[in-house]
Amino acid sequence: MTFEMGRVELHLRDAVKKHGAGHLTLIDPDSQTPQEAGRMAQAASQGGTDAIMVGGSVGATGALLHNTVAEIKKVTDLPVILFPASVAGLCENADAVFFMSLLNSRSPNYLIENQAMGAPLVLRYRLEALPMAYIIIEPGGTVGYVGDARLIPRKKPELACAYALAGKYLGMRLVYLEAGSGADSPVPAGMVALTKKLLGDVLIIVGGGIRSGRAAAELVAAGADLIVTGTAVEKSQDVASFISELTSSIRR
Ligand SMILES: CC(C)=CCC/C(C)=C/CC/C(C)=C/CC/C(C)=C/COP(=O)(O)OP(=O)(O)O
Ligand SMILES: O=P(O)(O)OC[C@@H](O)CO
Ligand SMILES: [Mg+2]
């Protein structure tokens, strides 16, 4: 029996197949009003982003989450993928969810408990579940702290690979290497390269501290399939041009 890929996962795979890599824009509902989030998503879509992720480590729940997704859905047909910090990060008006386990967490809450409490809601809300291994690398930021992660040292790519390979053998079709939102520097390119080499057709997502087309292109050259940017988009004065710089640097 296979757990089949849905529309959103296929959309991401198509983007990678067509252009060599894809881009995801992360919107944290806690950082702006739902209307502002809608404007950001519209600009990101003009800049050529491939999907919108919605989530945040703290406070991305309830009406704020729901209204943020609703405003984004009004202005773009791009898939909206939830990036939940817990079961409270699920809502019924999104398209899909990164159904992730934080493989290097010390806490059963982030390994399996939120997933167990969330699974019946994913079914009821008819969200597409994307099975993903979430791995946090130094410095890890807020998400490393909140997720009680035993951070992977930047100089130990083989440890990141061991967790990523474990995720693949558990059936996860996506691996997210995370340096933490606003990290001083992104996940090391060598770590991405070794992970991609070992994992083959698993989609490798890389995020945290990516602020320029050049940084994104270096990670894609190393083997990243999808690049996530959040903070740099929030800070940008011209979201459409900034995303366009990113997407044009990573596509072939
Ligand atoms: C699948 C379900 C229902 C839950 C998964 C629960 C897990 C494994 C969570 C992992 C740990 C965690 C706290 C993740 C948060 C991920 C996230 C939304 C990070 C991005 O947040 P940003 O807004 O960029 O960063 P700040 O929070 O620092 O602003
Ligand atoms: O905010 P930035 O640094 O872009 O990080 C995005 C994402 O990887 C955080 O979960
Ligand atoms: Mg945030």
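Values in this document were obtained by computation on a predicted structure and should not be read as measured data.

(A) Molecular detail of the overall build of the protein. Each helix and strand counted, the protein has 10 helices and eight strands in total. Relative to the compact-globule value of 18 Å for 252 residues, the protein shows a C-alpha radius of gyration of 16 Å, a close match. Relative to its 252 residues, the protein shows a buried fraction of 55%. In the protein, the share of contacts with a sequence separation of at least 24, taken over all contacts with a separation of at least 6, comes to 73%. Entry remark: accessible area of the protein is about 11100 Å², with carbon and sulfur atoms responsible for 55%. Treating the 23 positive side-chain charges of the protein as one cloud and the 24 negative ones as another, the clouds have centres 5 Å apart.

(B) Main features of the site of ligand 2. Around ligand 2 sit Leu 26, Phe 83, Tyr 176, Glu 178, Ser 181, Gly 182, Gly 207, Gly 208, Gly 209, Thr 229, Gly 230 and Thr 231, and that is every residue in its neighbourhood. Here an oxygen atom of ligand 2 sits 2.8 Å away from a polar atom, N or O, in the side chain of Tyr 176. Residue Gly 230 places a main-chain N or O atom 2.8 Å away from an oxygen atom belonging to ligand 2. A total of 310 Å² of accessible area belongs to ligand 2 in isolation, and the protein chains cover 96% of it. Spatially, ligand 2 is embedded in the largest pocket. Of the residues assigned to the shell around ligand 2, the class counts are three nonpolar, eight polar and one charged.

(C) Summary view of the UniProt feature "binding site: sn-glycerol 1-phosphate" (unreviewed entry) in the protein. On the UniProt side, "binding site: sn-glycerol 1-phosphate" (unreviewed entry) is annotated at positions that read Tyr 176, Leu 177, Glu 178, Ala 179, Gly 180, Ser 181, Gly 182, Gly 208, Gly 209, Gly 230 and Thr 231 here. Looking only at the residues we just named, the largest pocket is lined by Tyr 176, Glu 178, Ser 181, Gly 182, Gly 208, Gly 209, Gly 230 and Thr 231. Mapped onto the elements, Gly 182 comes out in the loop between strand 6 (174-178) and helix 7 (189-199). Owing to a relative accessible area of 35%, Gly 182 belongs among the partly exposed residues under this scheme. One can find Gly 209 in the loop between strand 7 (203-207) and helix 8 (213-222). Looking at Gly 209, the relative accessible area reads 12%, which means it is buried. If sequence neighbours within four positions are ignored, Gly 209 has contacts with Gly 180, Gly 182, Ala 183 and Pro 186.

(D) Representation of the packing of aromatic side chains. All chains considered together, the criterion is met by four aromatic pairs. Measuring from ring centre to ring centre gives 6.4 Å for Phe 83 and Phe 98, while their planes differ by 85 degrees; the resulting arrangement is edge-to-face. Placement of the pair is Phe 83 in the loop between strand 3 (80-82) and strand 4 (96-102) and Phe 98 in strand 4, with a sequence separation of 15 residues. By relative accessible area, Phe 83 is classed as buried at 9%. Taking relative accessible area as the criterion, Phe 98 reaches 1% and is therefore assigned buried. On the numbers, 5.3 Å between centres and 5 degrees between planes, the contact of Phe 83 with Tyr 176 is stacked. With Phe 83 in the loop between strand 3 and strand 4 and Tyr 176 in strand 6, this pair connects stretches of sequence that are 93 residues apart. With a relative accessible area of 1%, Tyr 176 lands in the buried category. One aromatic cluster in this structure is built from Phe 83, Phe 98, Tyr 134 and Tyr 176. For Arg 173, the ring lying beneath its charged end belongs to Phe 3, and the centroid distance is 5.0 Å.

(E) Main features of the UniProt feature "binding site: Mg(2+)" (unreviewed entry) in the protein. According to UniProt, the feature "binding site: Mg(2+)" (unreviewed entry) maps to Asp 28 and Ser 57 in the numbering used here. Look at the named residues: they lie 30 residues apart in sequence, but the longest C-alpha span between them is just 8.6 Å, so in the fold they bunch up. Cross-referencing the annotated residues with the largest pocket identifies Asp 28 and Ser 57 as lining it. Relative to the assigned elements, Asp 28 resides in the loop between strand 1 (22-27) and helix 2 (34-46). Residues contacting Asp 28, with those up to four places away along its chain left out, are Gly 55, Gly 56, Ala 60 and Glu 234. Counting through the fold element by element, Ser 57 comes out in the loop between strand 2 (51-54) and helix 3 (62-75). Ser 57 sits in the partly exposed class, given a relative accessible area of 29%. Non-local contacts of Ser 57, meaning those with residues more than four positions away in its chain, are made with Ala 85, Thr 142, Val 143 and Val 146.

So, how was this worked out
- Residue positions are given per chain, counted from 1 along the sequence in the order it is written.
- Written order determines the labels here, with chains lettered from A and ligands numbered from 1.
- Reporting in this predicted model follows two pLDDT cut-offs: at least 70 for local features of residues, and 80 or more for side-chain atom pairs to be given and counted; totals over whole chains, interfaces and linings ignore these cut-offs and use all residues.
- Heavy atoms from the whole structure form the basis of all side-chain values; hydrogens and water molecules are not counted.
- Runs of H or I in DSSP of at least four residues are treated as helices and runs of E of at least two as strands, each being numbered from the N terminus.
- Between the two quantities, the radius of gyration covers C-alpha atoms and the globule rule is 2.2 Å times the number of residues to the power 0.38.
- Relative accessibility under 20% of the residue-type maximum defines a buried residue, over 50% an exposed one, and the middle range a partly exposed one, all with a 1.4 Å probe and only protein chains included.
- In this description, contact between two residues means that some pair of their heavy atoms is separated by no more than 4.5 Å.
- Under the convention used here, a 1.4 Å probe and the Shrake-Rupley method define accessible areas, while residue burial counts only the protein chains that appear.
- Charge convention: Lys and Arg are scored as positive, Asp and Glu as negative, and His as well as the terminal groups of each chain are ignored.
- By convention, charge coordinates are those of NZ in Lys, CZ in Arg, CG in Asp, or CD in Glu.
- By convention in these notes, a residue is near a molecule or strand provided one of its non-hydrogen atoms lies within 4 Å of it.
- Residues adjacent in sequence count toward polar contacts only when both atoms are side-chain atoms; beyond that, a polar contact is any pair of N or O atoms within 3.5 Å, and within protein one must be able to donate a hydrogen and the other to accept it.
- Of the grid points, spaced at 1 Å and generated over the protein atoms alone, those admitting a 1.4 Å probe that cannot get out make up cavities, while open sets with protein on both sides within 12 Å along at least five of seven lines make up pockets; any residue with an atom within 4 Å of a point is treated as lining.
- Those molecules having more than half of their atoms within 2 Å of a cavity or pocket grid point set are described as sitting in that cavity or pocket.
- Note on residue classes: Ala, Val, Leu, Ile, Met, Phe, Trp, Tyr, Cys and Pro are nonpolar, Asp, Glu, Lys and Arg are charged, and everything else, Gly too, is polar.
- UniProt positions are given in the numbering used here, feature names are shortened, and annotations may be inferred rather than shown by experiment.
- Pairing of aromatic rings covers Phe, Tyr and the six-membered ring of Trp, with a centre-to-centre limit of 6.5 Å; geometry is then stacked below 30 degrees between planes, edge-to-face above 60, and tilted otherwise.
- Any Lys NZ or Arg CZ found within 6 Å of a ring centre and within 35 degrees of that ring's normal is scored as a charge over the ring.

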